[in-house]
Amino acid sequence: VDRVREERFDLVLMDLDLPGIDGLEAARRIHRYDPSLEIFALTASGDPADERRVKNEGLAGLLPKPLVFSHLQHVLSERLALRRTAASSELRPNG
């Protein structure tokens, strides 16, 4: 949470089971500081309730652990492509 205040991140991968703090609570704190920062939750639990909780908190998505690199790469590439599309449409003149 402190690092988000000190540095700029394109997105955050947040484990739901952190020592000393719940991952969703950490995500809430980050969003209070930077509401636009996309946070993907990570979990090994396989509990279907986790997906609902992540969605209710406004996180970008839930990724299962162990992470499969090709799946992570796909999700991140997709997210960055969406950002580039949004940014280029903001730069186009209206009319």
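Anything mentioned here points back to the structure above.
As for the pairing of strand S5 (residues 61-64)
Side chains Gly61 and Leu63 project from S5 onto a buried face, and the interleaved Leu62 and Pro64 project onto a face without burial. Note that strand S4 (residues 38-43) and S5 share four bridges and pair parallel. Pairing of Ala41 across the sheet is with Leu62, part of S5. Handedness of the S4-helix H3 (residues 48-56)-S5 crossover: right-handed.

With respect to the environment of Pro48
Its place among the elements puts Pro48 in helix H3. On the accessibility criterion, Pro48 (56% relative accessible area) is exposed.

Topic: H3
Its side-chain oxygen 2.9 Å from the backbone nitrogen of Ala49, Asp47 forms the N-cap of H3. Note on H3: the residue one or two positions beyond its end, Gly58, has a positive phi of about 80°.

Observations concerning the sheet that holds strand S1 (residues 11-15)
In a beta sheet, neighbouring strands are held together by backbone hydrogen bonds and run either parallel or antiparallel to one another. Pairing is parallel in the open sheet, where three strands are placed in the order S1-S4-S5. Since the sheet does not close on itself, it has two edges, and those belong to S1 and S5, each with one partner. The average angle at which neighbouring strand axes cross in this sheet is 30°, direction not considered. Those strands touched by H3 are S4 and S5, and its axis lies near 150° from that of S5.

Calculation criteria
- Residues numbered from 1 in each chain as written.
- Predicted model: local features only at pLDDT ≥ 70, side-chain atom pairs only at ≥ 80, totals over all residues.
- Heavy atoms only, no water.
- Buried < 20%, exposed > 50% of the residue type's maximum accessible area, 1.4 Å probe, protein only.
- Helix = DSSP H or I, 4+ residues; strand = E, 2+ residues; numbered from the N terminus.
- Pairing = 2+ DSSP bridges.
- Right-handed = clockwise from strand over helix to strand, strands pointing away.
- Polar contact = N/O pair within 3.5 Å; in protein donor to acceptor, adjacent residues only side chain to side chain.
- Axes fitted to C-alpha atoms, helices over the stretch in contact; angles between N-to-C directions.
- Contact = heavy atoms within 4.5 Å.

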